[in-house]
Structure formats: C-alpha cells, structure tokens
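# Chains, contacts and geometry: an overview
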Amino acid sequence: MSSLPLLLAQDGGKLSADLMQNFGAMAPEMFLCVMVVVMLVVDLVRSKGPSTLYPWLSLGGIVVAAGLVISGSGDVTVGYDDFAALRVDGLGRLFKLVFLAAAALTVLFIVRSGRKYGREGEFQVILFGALAGMCYLASATELIGFYVAFELVSYTGYLMAGYRLDSAKGAEAAGKYVIFGSVASAVMLFGITLILGFAGTTSFEGIVDVLLAADAGVPALWVGATFTFAGFAYKAAAFPFQFWCPDVYEGAPAPVAGFLAVASKAAAFAIGLRILALVPVAGGVVGTPELGQLFAHDAAFLEKLLIVASVCTMTWGNLAALRQTNLQRMLAYSSIAHAGYLLLASSMVLRTDVATDALMAIGFYFLIYLCMNLGAFWIVTMMRRDLDSVDVTALKGLGWKQPLLGTCFVIMLVSLTGLPPTAGFVGKLLLFMPVIHEGFYLFAAIGLVNGAVSLYYYAKPMREMFLKKPDDDTKLIDCVGGDMALVVALTVPLVVLGVYGWGDLASVARDAVAIVGGR
Amino acid sequence: MLLTLLTFLPALGIPFLFMTKDVKTQRMIGLATSAAAMLLSIWLYFQFDPELTVLLADTSQFGFSVPWISVGDAFKINYSMDVDGVSMLLIVLTGVLGFLAAVNAMSIQKNVRGFYAMYLLLLTGMFGTFVAMDLFLFYMFWELMLLPMYFLIGIWGGPRREFAAIKFFIYTMVGSVLMLGAFLAVYFQLSAAFAAPEFAGQALNAFSIPDIIAHQSLIFPGNDALRMVLFVALFIGFAIKVPVFPFHTWLPLAHVEAPTPISVILAGVLLKMGGYGMIRIAFPWFPDAVVTAWPWLATLGIVSIIYGAAVALAQTDWKKMVAYSSVSHMGYVILGLASMTEEGINGAVIQMFSHGLLSGMMFLCVGVVYEQAHHRDLNRFGGLLKLMPKYTFVAMIAFFGSLGLPGLSGFIAEMFVFFGAFKSELPHAKVFTIIGTIGIVMGAVYILVMIQKVFLGEPREKQLHPFKDLSFREGVTLWPLAIGALALGIFPTPAFDLIGPALHSWRKPFVAEIRGTEREAGSLPPGLIEIRDAVEAVQTEEGK
C-alpha cells in the first residue's frame, strides 16, 4: 500500500498530472471551477448596473455541467495506480444532478425574488464555487480532497447565507453559520487527524480496512470516528448539531435557505453514504427480532450512533417545528426532521442485504425532496417579495383568491408530510422499507409517527389558505407567468410520481447506486 | 374493470365542476355523479353472486389484477380489486349514502364547487378502500380520504371546525402510519417466505391481501409476541377509525362540527372503514392473536357500548348525543366480530350496515331541525310532534331503530351480536355478553329521554322559529333510509344471504384456532371436540 502519496510524495515522479488516470472523468468539477473564473472575470469586466446576463450565463453553465455529468458512465476511478482520489460512479452522478438542479432553481428564484441584492455576479461566483465543492465531495474517496471540498462547500455557504448585507438577521445568520461551522470543522479535523494517525492512509477504503482489522477497543479510533461524524452531522443539520439551522435558514434569503437545505445537505449525505457503503456489517437476516430489544440485531457502534442521532434529529425537528408560525423558520425545522428520516435510512447502508435499497431510497428521496422543499421555499420567496411577510397568517384566505397556487402549495405540503398519493409518500415508504426489513420496528414506528406529528405544522399553511376567509387585508402573491410555471413545474412531479412512474424512477436510482453497494 | 369504473366515477365529475361557473349546474354535476355511482353500486349488487367467496380467484366476477408498479425485482405492486359479500354490502351503503348526502348538501351555499370537488374525491377514496385488494392500493385510498375530509370539516363546518378538522386528520394519520409499519413488516416476512421453492409456480404477491390471508401462518411463525404486536398496531389503526374507546375522542368533535352531509358520510361510511379493515386485514392476518386478545377485544367492545351510551345520556347538544351513540353502536361491531361465532360476525356486519342507515338518518334529522332553529340544545326543544308530524314519523323510525326496537334493522343486528357473543366458545363469553346487555338498556334511556325532550310535550320555541315540516328534498333523503331500515328489520334474509357465505369461510381459521387452543388448554377432552365438530359439520350441511 502506498500510503499518503499526496502528503509524502514518496514516489515523487507520480505526482505529475499526466500520470493521473481517468482525469477526464473529473470534467464536471473542472468545468465548474472554470465557471468560477469565468463568472469572476465577467463580473469584473461589466460592473455597471444590474444585468440579466449573469443568471443566463449561470444557467448555461449549470446545463453544460449537468450534460458532462450525464455523459459520464460506469464506475471510474480517478487517481494513481494504487491510489484513488475520486470515484465517479452512479451514486456520485445522482447526487451531482441533485446539486445542479437545486442550483439552477436557486438561480431562477434569486432572479425572480425581485430583490435588488446588487452584486449578482459575486453570487454566481460563490454558487459555482459551492457546486464545484459539492460535486467533488460526492466523488471523493480520500481524506484530503474530501476535507478541502468540504470546506469549500462550507465557506461558500457562509457567504451565501450572509448575502443580504442590509439585514441584521442576514448578518446574524452568516455569523452563526461561520462560528458553528468553524467549530464543527475544527472538531472534524481533529477526528480526521486521529484516524489518519492511526490508519496511516488517507484513502477511505484503506482506513476502513485498517479499522476493521484493528481491535475494536482502540478508543482513539472511535473518538476519531465520532468527531468526524460530528462534522457530517453539522452539515446535515443532525442532532445534536442542528442549532445553527433554524437561525441560518431564517436569516438567509429564502432561495439560499432552500439551496442550503437541499444541496448542502445532499452533499453531506453523498459523502457520508460513500463512506458508509464501504463498511460491511453482516446483514441481518429477516427473522424474528426479539421484542424489547432496542437494536433488533447485533448492531455495530456506527449503526447505533446513526440510529440514535436520526431518531433524536427527526423528533427534535418535528417537535420544535410545531410552534413555528414563521414559514421560513418552520421549513428549517422541517428540513431537520427530514435529515432525521434520511439518517435512519443511511444507517441501513451498513447492512449488506439492504444497502442498495437504502441507497436507492435516499437518492430517490433527494430527487423528490428537491421538488417539494424547493417548491415550498419558492413560495416563501414570493411571500417575502409580495406580502412582505413570511408568517403563515399572511397567507390568510389566499387559497380562495389564488386557487391554483394554493392547491399546488397544498400538494407540496402534503408531499412533505408523506401522505399518498404524492411522491413524498413513496419517498418515505422507500426510506422506511429497509429499516423495517432489518427488523428495527421500534425506530420505524418512531419515524412514521413523526410523520403524523409533522402533519400539524404542515397543515398550518393549508388552514390559513383555505380554512380562513380572505379579508380586506389579504394581499395577493403576484404569481403569474414564469413564477406560476415554476410552481406548477415543481408540483407536477409530486403527483405524477406519486401514482405512476415512481417505480421506474426508483429503478433508475437503484441501478445507479447498485455499483456502490458492492464496494 | 367495473370496480375501477365505480371507484373513479365520482372523481370523473370533478373536471366538469371546473367547466362551469353556474352554482346550480355545479350542484347538478355533483348530484348526477353521485347518483351514477349509486346506480352502478346497486347494479353491481344485483349482478353479484355471493357464493363466490374466494377473492382474486379466476372465478371471481369483478376481480382483476394487473401489474402496476415495480422496482427492479425488489417489489411488485399490483393494481388489484375485488369484492366479496361484505364489501358489496358496504359499497351499496356508500353508494346510497353518498347520493343522499349529496342531495342534502344542496343547501350548502359557500363555495359549492370546492365542496363537491372535495366530496367526490372523498367518494372515490371510500369506494377504492372497499374494493382494493393490494395493500399499497388500499393504503392509498385509505389516505386519500383524509385530505378531502380535512377540508370538508374545516371549511364547511361549525364554529370549532378548524380544531375538529386537524384533530381528525392527526388522529387518523397516527393510526394509519402504525398500520403502514405493520403492512411493511408483514410484506417483508411474506416476500421472503414466498421466495421458497414450494411456492415457485404460484405467483404469490406479498402485497396482495388474499395471498397474505391465505398464508398468514407464515408471518413470523412461532413468534407469538411479535404477531401480537403487529396485530395491535393494525387494530389501533382501525380502532381509531371505528372508533373504539379510548381512541374515540376525535369523533364527537368531528361529527358535531362537520356540516350535515359530511356527518352522514362520516358516521355512515367512514366509521365502517374501521370495521371493514378489521374484517379484511387485522383479524384474518392474525387469527391466533385475535383469539388470545379476545378478553381485551370484548372488554373494549363493551366499554365502548356502555361508555358511549352513558356519555350520550349526558349530552345537551343533540348532534353530540348522536355522535356518542355511534361510539356505543360500533362497540357492538367489535363484540360481535371478536366472538367468532357465525351469528356474532354476521350480526356485526349487519350492525355496520344498519348503523350506516340509522346514524345517517339521525344526523339528517338533527340537520332538519338545526337549519330552522339554528341551535341543537335538547333542553330548548319540545313538542315537535305537533309542529312537524311527518318529520316526527321518520325521525321515530331512526331513533327507535337505533334503540333496537324489533321490526327495525338495529334490533336484528344487536340481537345477532348478543346471540353470537353469548354462544361463543371463548372464555367468559357469557359474562361479557351479560355485562354488554346493559348497553341496550342505557341506549333505550338516552333515546327515550331525548324523544321526550324534543318531540313530546308542548311546543316551546314556536314563536322564535316557525318549524316547517319536512320539505320534499328532506323527504327524499330520509325516506329511502327509513325504508331500508324497515326492510332490513322485517326481512333481513337478502342481507344475510349476501354476507353469509363470505363470512362463513372467513371464520374458519378462527374456529380452527379456538379449537386448537382448547386442545392445548385441555378444556374439553379430545374425543368430545371431534364429536362436536362432526355434529356441527352435519348441521352446516343440513343448513344448506
């Protein structure tokens, strides 16, 4: 094993780029980096006045990047003879498409948000930086590249959260994000150091091999693993590292909050799943789990950690969301709850017999979540624009005045709750299936009942819109043309995939992730 | 395909609602669509051969199954529907009540289009639930009912409608997610079991309700505790809908706040979903758990009967009284089903049908007076007999039927339930039954007190509102139900013929389970059990 080639350069000659294998597979990431520079230059050259050039350029760049992602195929390793830096496979491609789609929608939302933030060019630069980091992250297979990409995503996130310079809340959001974020990064870096020191390699696969071979009683390893997990938990807004999330999502511009809630979270899951898929735990045979036994089978340490974190995350998110009336803040808590559901399914990736199903479920869920959550954030964006308020009471009677918008929003909320016949139900069903398959009935029940609890707060906007009559104070959301098209475009998949065709999409997702399941 | 047509016929009316702005036309569309669904359901009833009790068999009349969704080879979901006698009876009930409630809803003024759109969607959900034979499909229809109901109560309901709507919504959803969890657990067990070589040629599907029932013994064989947990999860899911004490607290609120036509549907059809779910899913999947849980089931049934009656007695709000009477009457269903005798289960299903007719009538009756008096305070009425003789006549059929007066449907149902429960071989059945009969007395008390307060005596609020007697439209909604209640009370044979064969074969695994338990417990010497079985077999043959 040639360990740490990047750090020690023991075989000096290998570090030249022409020896790097399959460099072309990195095309999307490379292109996104180029786009950062392009946007920067464009911003410098034409600095006067607002321009519609930026969003179109951005969208074009995103489409090209998506094309590059799709054009790749198979399972390609980028790196040196015996050292992989990146693995470009179905799982990575699936997540990269999620990032890119979320970014495209965010660009559109920002344009249509009607706010003159100024500095449009800057925002696009940051956005492409974030995308490059996320895409790299989704394919990273070793610690150094992973950490750099992780920090790239974090820093761009801080900048985007503080994009509203004029608002105190925006500044608070960015401040909190930076402080919590740097602490989490530091903790994670410490964890990585411990692992690196013990394993002597930066390759995930190598680390897992060493960990599995090592005596499980080495405390430094588990401290390292826990600390590293903390970094992920922070990014995914998982318990107990979720405290930044409501404040940041509330203070950030709504489109940015949506981007953070979907893309940033997806990035953390993408890399987390890649690592988890490397750790084989003997799959539980469908059998007869003993009742009263919290962990139905002999669960590994990592599994226990994930399950406990997930249950706490979803419960905390849902309970805290119950009292919210600020829609943007409510969606922040709801995104914490959804991180909990996703974490529960992630813990099942460790089990070899359901790993593929769990990966498929999470990939599928992100595709659905992209539509329903960004749809909800888009409506919040419009509320801020036209109603000057993101409180649910601002929606009073709106459903009667704007039935199409109201209906679409109800469908999104129902989908977020996870009720049939929407795609949200299917997504949740797929998420919980591996959990039940492995016999964790208690945790599945907690998760499912959490869904019922979430109904209470998701029903609040429905109640305001349809159960209350409009009065003279009711302002309308100026949602016509392109705005409405966006709403409808995000709603239609929720219904269509809820009753028909989700099987096909799930099959595609399954085929995409199947390669990873087999290590 | 006829069942697909029946299910989606109501939903087909929704687009037409949005083509016209004229309120009257919208009402006509709602009415015509529900009338068409009713006629189709009745036509299906006359076509139906109740002797075909095997669901989704090649011989089934209306049954079919086509592949719907599959994810690789991971799982396959079929779009499958079928009916047996029990679901046929409930479909007819849904069709009839669906139309009559739509007639009643013509008095709704607020956003007529929205009302009928939600209402028709609800009808689709109800029909779908009764015909779905695939778990996924069943669950979809089951949940499809929630959202329209939320809006129907929440928008068109009474003063506390918002709270009532969300309480109904969350209660039902908690129940249904527990159900979903149990579905998935059973699904994984059986799909693993069905992969065994012995089932190679049989094309079994672990989402198919008949396949699961036929192979219920393969669900966690030997693990009684886990089977019990799954049964309890399913039972709670359905018990919330029934509702069985102590899961009933959503019901009075929802019933009282809902507009009259929705109260009718809620009491008449939606509560039957719970009973139907137990018959179709919870009970036959875990016959052993049902037999073990008998004392608990009987207790819950009896507590519901007595508690519902006692609380109904204490009400001053007329509609609330009727709502609590539902808790009481649905308790009979649980008692009858759990008794596992031929009489008991037939009585339970007849009680479901009878309660659908009678509670629908009672809510309509309350609605007639409420629309004129604008209050429902029992203590402020009086002498309606003199003011509204025609109305009083119909109302008496409803309330006396509910009381269990011989000659009306309620009597037949309750009598069979108590006969069955008394005859049951399950432990302490006689004690439970005797305690349960207290409910009959209490039922008589609250109904008679109410009749005395409302209909007898001198008219008290004559000056305030001139009570007009039954209008034509009100008569149209009430009389068919009254005739149904009378017909079922005097000549119930067609109903028993319809449900009898299906319930007869439905009961077999439970009987086997009870006999098996007896053998284990040694309560009867083995020889005696065989003799008794032989005698009963001969009796059954003679009966045919």
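Check the entry above for the structure.
Residues numbered from 1 in each chain as written. Chains lettered and ligands numbered in written order. Predicted model: local features only at pLDDT ≥ 70, side-chain atom pairs only at ≥ 80, totals over all residues. Heavy atoms only, no water.

## A word on the overall build of chain A
A count of helices and strands for chain A gives 20 helices and two strands. Considering only intrachain contacts with a sequence separation of at least 6, the fraction spanning at least 24 residues in chain A is 81%. Summed over all atoms, the accessible surface of chain A reaches about 17,600 Å², with 68% contributed by carbon and sulfur. (Helix = DSSP H or I, 4+ residues; strand = E, 2+ residues; numbered from the N terminus. Contact = heavy atoms within 4.5 Å. Areas by Shrake-Rupley, 256 points an atom, 1.4 Å probe, with all protein chains shown as cover.)

## Observations regarding the side chain of Gln216(B)
Tracing the backbone through its elements, the reader meets Gln216(B) in the loop between α8 (209-214) and α9 (224-241). Apart from residues lying up to four places away in sequence, Gln216(B) is in contact with Arg227(B), Pro284(B), Trp285(B) and Pro287(B).

## Focus on the packing of helix α12 (residues 301-321) of chain A against helix α13 (residues 327-347) of chain A
Helix-helix packing is characterised by the crossing angle of the two axes and by the distance between the axes. All names here are of chain A. Their axes nearest at 7 Å, the elements α12 and α13 cross at an angle of 160°. Here α13 runs roughly antiparallel to α12, going by the angle between their axes. Handedness of the α12/α13 crossing: left-handed. Facing Glu303, Leu306, Ile307, Ala309, Ser310, Thr313, Met314, Trp316, Gly317, Asn318, Ala320 and Ala321 of α12, the residues of α13 in contact are Met330, Tyr333, Ile336, Ala337, Ala339, Gly340, Tyr341, Leu343, Leu344 and Ser347. When its residues are assigned to classes, the contact of α12 with α13 shows 15 nonpolar, six polar and one charged. (Axes fitted to C-alpha atoms, helices over the stretch in contact; angles between N-to-C directions. Parallel < 35°, antiparallel > 145°, perpendicular 65-115°, else oblique. Left-handed = near helix turned anticlockwise from the far one by under 90°. Nonpolar A, V, L, I, M, F, W, Y, C, P; charged D, E, K, R; others polar.)

## Regarding the packing of aromatic side chains
Given two aromatic rings, one states the distance between the centres and the angle between the planes to describe the pair. If you walk through the whole model with that rule in mind, you get 64 aromatic pairs over all chains. Arranged with centres 6.4 Å apart and planes meeting at 90°, the rings of Tyr116(B) and Tyr119(B) form a pair that is edge-to-face. Of this pair, Tyr116(B) and Tyr119(B) both sit in helix α4 (residues 112-131), three residues apart, which is roughly one turn of the helix. A residue is classified by how much of its surface remains accessible, and Tyr116(B), at 0% relative accessible area, is buried. An aromatic cluster of at least three residues, connected via ring pairs, comprises Phe425(A), Trp502(A), Phe64(B), Trp68(B), Tyr79(B), Phe136(B), Phe138(B), Tyr139(B), Trp142(B), Phe183(B), Phe238(B) and Trp285(B). Of note, Lys469(A) hangs over the ring of Trp400(A), and the distance from its end group to the ring centre comes to 4.5 Å. (Phe/Tyr/Trp six-rings, centres within 6.5 Å; stacked < 30°, edge-to-face > 60°. Buried < 20%, exposed > 50% of the residue type's maximum accessible area, 1.4 Å probe, protein only. Lys NZ or Arg CZ within 6 Å of the ring centre and 35° of its normal.)

## Overview of unusual backbone geometry
Residue Phe239(A) is joined to Pro240(A) through a cis peptide bond whose omega torsion reads 0°. For Pro240(A), the position within the fold is in the loop between α9 (219-236) and α10 (244-251). Cis peptide bonds are those with omega within 30 degrees of zero, and the linkage from Phe245(B) to Pro246(B) qualifies with 0°. Its place among the elements puts Pro246(B) in the loop between α9 and α10 (250-257). Of note in this structure, Ala237(A) is not a glycine but carries a positive phi near 55°. Position of Ala237(A) relative to the elements: it lies in the loop between α9 and α10. Of note, His374(B) is a non-glycine position whose phi angle comes to about 60°, a positive value.

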